[in-house]
Amino acid sequence: MADVSYRDFWIEVLKALESQIKRSDFLTWFQHAGVIERNNGNLVVAFPTVLSRDWVANKYRASVLEAAQACDDSIQEVQYEVDGKLGQPDDTRGVDVNTISVPVKKVRKVRNKEEYTVNSDGVRSKALNPRYTLENYVIGPENRLAHAAAVAVGNRPGTAYNPLFIYGGVGLGKTHLLQAIGNAILKNHSNSVVAYMTSEKFMNEIVEAIRSQKAKSFKEKYRNVDCLIIDDIQFLAHKERTQEEFFHTFNDLYDGNKQIIISSDRPPKDLRDIEDRLVSRFEMGMIVDVQFPDYETRLAILHTKCREHQVMLPPEVLEFIAYNVHHSVRELEGVLMQAIAQYELEQSTPTVRSVAQILKKLNRDGEFAILDDGQEHRSLAKTPDDVISIVADYFKLTKSDLVGAVRKKEILVPRQICMYLIRRELDASFEQIGEAFERNHTTVMHSVEKIIKMMRKDQKMMRDLNALKQEMGL
Ligand code: ADP
Ligand code: MG
């Protein structure tokens, strides 16, 4: 069957592409794509979802063409289509890209993982999650100092800053940083013993040791570590006996130049019902805080998390999430994970509209203040004409300005925004949009691409787009 040779050919093209594209992106975007036609210099490649088709067509168009031409120099053009049957059990056309060779140099990742799980002598790397590293902690103005201190302690435990005290609100990355330092110490000093625990676990162990009269072995256990990390120290409030025990452990470790790292929801001086002598110990070293990150950092965090989960969501969806989450990074991640779950379960691309629904649901408990902002519900924009009216109102232009021919910047950019919104939010084809604006579809494509580019660089553009999406009832 002709399909078989298409398939072999596509595998050749994929091999040529593989080295050009980051592995995770390659696996995400080319999975189950296949060639469905090839004649007269024309190659038709189909993808199982609209998202993957659009993504590859937008981002990798040149690379795909180049790779195809490298395999067959008579190819002039590559066309992109969607075929939902690709990758189904009985489909023979879509190629499982996991079978396309992995360059040797990228194998290292796996080895890293093992470095963390060796040597389980009870304390050493127990409870440290290898997922939390200093490398995947995104730095912004709000956590730069905390991150720098963490790196220093990771390199020179016991000497750089001791103790290191990190404080900040819920879900802002304290546990991530603490565990990342522990992981860094294990990586840089492979013989060291690192103990991480929450203050509650610490307390439970003390209570248990006292109950079973093994207080002595408890003391020895923790005084033998090279680095003791206690998360959420504020929960030791009112726990006098535990505080007492901790005080002695702290002194022993400190005197032995062992690293102590502590996190809390507030600075030492504001800790309630914790002995003064402990508080003053906490103040001896370095105190740093983490705050809620700004828009750019939030967006960078979302990109990082997407990469970790090996998915890519449309840029405007990530921007929408970054723009509308105002409390914690945990929430930011939560919304993202729901969007990813939706993408994976329903095989449908999250849109600003579907993410807005997720945010609205979370809004139930009053934690989110977004989207409606107490204003009345607006009706949903359904047609290109609705969008044109909204954009015209927003920029104080007329509808005929927008669909007209004038190319002044004040009109041109809103016109392009209009096309972008109709494309993204109403899923109209480039041809349909072209008709509404009496332009050909390549002009529309360029306009949409231009807005996407501007959006990445220009905060005002982002704000305008978000405002307009709200106007559209999204
Ligand atoms: P806290 O301990 O302060 O309550 P966590 O450390 O548990 O917060 O962070 C919540 C989530 O947010 C974690 O999944 C963490 O990886 C993520 N996170 C927070 N800040 C960052 C950051 N700057 N870069 C990457 N991920 C972050
Ligand atoms: Mg925490």
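Every value quoted in this text rests on a predicted model; they were computed, and no experiment measured them. (Residues numbered from 1 in each chain as written. Chains lettered and ligands numbered in written order. Predicted model: local features only at pLDDT ≥ 70, side-chain atom pairs only at ≥ 80, totals over all residues. Heavy atoms only, no water.)

### Describing the pairing of strand β5 (residues 194–198)
The criterion, for reference: Whether a residue is buried, partly exposed or exposed follows from its accessible area with a 1.4 Å probe, protein chains only, as a fraction of its type maximum: under 20%, in between, or over 50%, in that order. A run of DSSP states H or I qualifies as a helix once it reaches four residues; a run of E qualifies as a strand once it reaches two. Both are numbered from the N-terminal end. What makes two strands pair is DSSP finding at least two bridges between them.
Judged by how many residues are buried, β5 sits mostly within the fold: 4 of 5 residues are covered. Pairing of β5 with strand β6 (residues 227–231), which is carried by 5 bridges, proceeds in the parallel orientation. Its bridge partner being in β6, V194 is matched across the sheet by C227.

### Observations regarding the site of ligand 1
Selection criterion: By convention in this text, a residue qualifies as near a molecule or strand provided that one of its non-hydrogen atoms is within 4 Å of it. In the analysis that follows, any N or O atom pair within 3.5 Å is treated as a polar contact, provided that within protein one partner can donate a hydrogen and the other can accept it, and provided that, for residues neighboring in sequence, both atoms belong to side chains. Surface accessibility in these figures is a Shrake-Rupley result with a 1.4 Å probe; residues are shielded only by whichever protein chains are displayed. Three residue categories are used. Nonpolar comprises Ala, Val, Leu, Ile, Met, Phe, Trp, Tyr, Cys and Pro, charged comprises Asp, Glu, Lys and Arg, and polar comprises the others, including Gly.
Of all residues adjacent to ligand 1, which total 19 residues, the nearest are G171, T175, H176, R330 and E333. In the model, an oxygen atom of ligand 1 is placed 2.6 Å from a nitrogen or oxygen of the G171 main chain. L172 places a polar main-chain atom, nitrogen or oxygen, 3.1 Å from an oxygen atom of ligand 1. When the free accessible area of ligand 1 is taken as 560 Å², the share hidden by the protein chains comes to 94%. Where the shell around ligand 1 is concerned, the elements lending two or more residues are α7 (174–188), α12 (295–308) and α14 (329–346). Of the residues contributing to the shell around ligand 1, the split by class is 7 nonpolar, 7 polar and 5 charged.

### So, the sheet that holds strand β7 (residues 259–264)
Under the convention used in this document: Between N-to-C directions, angles cover 0 to 180 degrees, with each direction set by a line fitted to C-alpha atoms, over the stretch in contact for helices. Any two residues whose heavy atoms approach within 4.5 Å at even a single point are treated as in contact.
Read across the open sheet, the 5 strands follow the order β5-β6-β7-β4-β8; overall the sheet is parallel. The open sheet is flanked by β5 and β8 (286–289), the only strands paired with a single partner. Pairs of neighbouring strands in the sheet enclose a mean axial angle of 15°, with direction left out of account. Summarising the sheet, strand β4 (residues 164–167) and β7 pair through 4 bridges and their orientation is parallel. When the bridges of β7 are listed, Y167 appears paired with S264. Here helix α6 (residues 144–155) sits on the sheet and contacts β4, β7 and β8; the angle it forms with β8, its principal contact strand, is near 140°. Its contacts with the sheet place helix α8 (residues 199–211) against β5 and β6, and it is angled at close to 100° to β5.

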